[in-house]
Amino acid sequence: MSDPDGCALRLDRIARTFVQGGARLEVLRAASLALESGEIVALVGSSGAGKSTLLHIAGLLEPPDGGEVIVEGRAMGRVSDSGRTRVRRETLGFVYQFHHLLPEFSALENIVLPQLIAGKRKSLARKRAEELLDMMGLSARASHRPARLSGGEQQRVAIARAVANTPRILLADEPTGNLDHATAEAVFDQLAKLVRGVGLAALVATHNPNLAARMDRVVYLRNGILSDTLGEPSIEFAPQNQGGERETI
């Protein structure tokens, strides 16, 4: 199901509070965002501002304390646990600061494995992996295990793995954070090319102002609220799940 307004992902007044040593830490209090297909949005904020928490909630890895995550027009608060798992598997892709490649498998195999888990035939999964490695400029490194790849090459493999099952939304948490400047620029170039080439919606957390400026727009996470580049509050949406029953997809 697609959002009638064309948004791949909506965050509607997301709230998240943690309790530490008896004190309440309000990390997110009214974070709203509309992410459209084909655009790359930079998520910028100081360390500890809650960027990773926001991405985890957007990726259905943890629930918000308040507000709603809406994926392709469907409110996830109304969806069963198994339904959210299926959305994560079929609709969402994840890239982290550290690549988390399986060291005992080759670059090609690291991209094949998530496709096999999703039920794709091995021959088709291998073909898809080869195509992605070619798009990332890594065809010659397909048989190499992660230990034989540079940091930038490992991260490009991780990006290819994240989109292997053709997700429609990509969430990236500091994907170039542990790379030097030149390598970070090269990896981002490949990421942007891939995202725009297939029309993904991408939300990318970054501390790098140069990379943020190259994305379609920037949102800042300050005091638990998302703001645009002018510091004004982002769009807020009407609540989507007020007492509704959970549904299964």
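Residues numbered from 1 in each chain as written. Predicted model: local features only at pLDDT ≥ 70, side-chain atom pairs only at ≥ 80, totals over all residues. Heavy atoms only, no water.

**Q** Tell me what's going on with the overall build of the protein, and back it up with residues and numbers.
**A** Within the protein one finds 7 helices and 10 strands. Out of the 249 residues in the protein, the part that is buried amounts to 49%. For the protein, the share of sequence-separated contacts (at least 6 apart) that also reach a separation of at least 24 residues comes to 74%. Surface summary for the protein: the accessible area is close to 12000 Å², and the carbon and sulfur share equals 49%. (Helix = DSSP H or I, 4+ residues; strand = E, 2+ residues; numbered from the N terminus. Buried < 20%, exposed > 50% of the residue type's maximum accessible area, 1.4 Å probe, protein only. Contact = heavy atoms within 4.5 Å. Areas by Shrake-Rupley, 256 points an atom, 1.4 Å probe, with all protein chains shown as cover.)

**Q** Account for empty space enclosed by the protein, naming residues and giving values.
**A** Across all of its chains, the model carries 2 cavities of 30 Å³ or more by this definition. The space that makes up the largest cavity amounts to roughly 40 Å³. In terms of lining residues, the largest cavity is bounded by L55, H56, F94, V95, Y96, L171 and D173. Every element with two or more residues in the lining of the largest cavity is listed here: α1 (51-58), β6 (92-95) and β7 (169-173). Of the residues assigned to the lining of the largest cavity, the class counts are 5 nonpolar, 1 polar and 1 charged. (1 Å grid on protein atoms, 1.4 Å probe; cavity = no way out; pocket = protein on both sides within 12 Å on 5 of 7 lines; lining within 4 Å. Points joined across faces, edges and corners; volume = space filled by probe spheres on them. Nonpolar A, V, L, I, M, F, W, Y, C, P; charged D, E, K, R; others polar.)

**Q** Tell me what's going on with the packing of helix α3 (residues 107-117) against helix α5 (residues 151-162), and back it up with residues and numbers.
**A** Closest axis-to-axis distance for the α3/α5 pair is 9 Å, and the angle between their directions is 20 degrees. Viewed along their axes, α3 and α5 adopt a mutual orientation that is roughly parallel. Along this stretch, α3 crosses α5, giving a crossing that reads as right-handed. Facing A107, N110, I111 and P114 of α3, the residues of α5 in contact are V157, A160 and R161. (Axes fitted to C-alpha atoms, helices over the stretch in contact; angles between N-to-C directions. Parallel < 35°, antiparallel > 145°, perpendicular 65-115°, else oblique. Left-handed = near helix turned anticlockwise from the far one by under 90°.)

**Q** Give me the side chain of K51: which residues, what numbers.
**A** Along the chain, the position of K51 falls in helix α1. No salt bridge is formed by the buried K51. Its closest oppositely charged neighbour is E174, at 4.5 Å. Here G45 takes part through its backbone oxygen, which lies 3.0 Å from a polar atom of the side chain of K51. If sequence neighbours within four positions are ignored, K51 has contacts with L43, V44, G45, S46, E174, A205, H207 and L221. (Lys, Arg positive; Asp, Glu negative; His and termini not counted. Salt bridge = Lys/Arg side-chain N within 4 Å of Asp/Glu carboxyl O. Polar contact = N/O pair within 3.5 Å; in protein donor to acceptor, adjacent residues only side chain to side chain.)

**Q** Just give me the short version of the pairing of strand β1 (residues 7-20), but keep the residues and values in it.
**A** The element β1 is largely enclosed, with a buried count of 10 among its 14 residues. Here 5 bridges tie β1 to strand β4 (residues 66-71), and the two strands are oriented antiparallel to one another. Directly across from A15, in β4, lies its bridge partner G66. (Pairing = 2+ DSSP bridges.)

**Q** Account for the packing of aromatic side chains, with residues named and values stated.
**A** This structure, assessed with the given rule, holds 1 aromatic pair. Judged by centre distance (6.4 Å) and plane angle (5 degrees), the rings of F94 and Y96 are stacked. In this arrangement the basic side chain of R222 is found over the ring face of Y220, its NZ or CZ atom lying 4.7 Å from the centre. (Phe/Tyr/Trp six-rings, centres within 6.5 Å; stacked < 30°, edge-to-face > 60°. Lys NZ or Arg CZ within 6 Å of the ring centre and 35° of its normal.)

It is worth stressing that arrangement in space is one thing and function is another; only the former is reported here.
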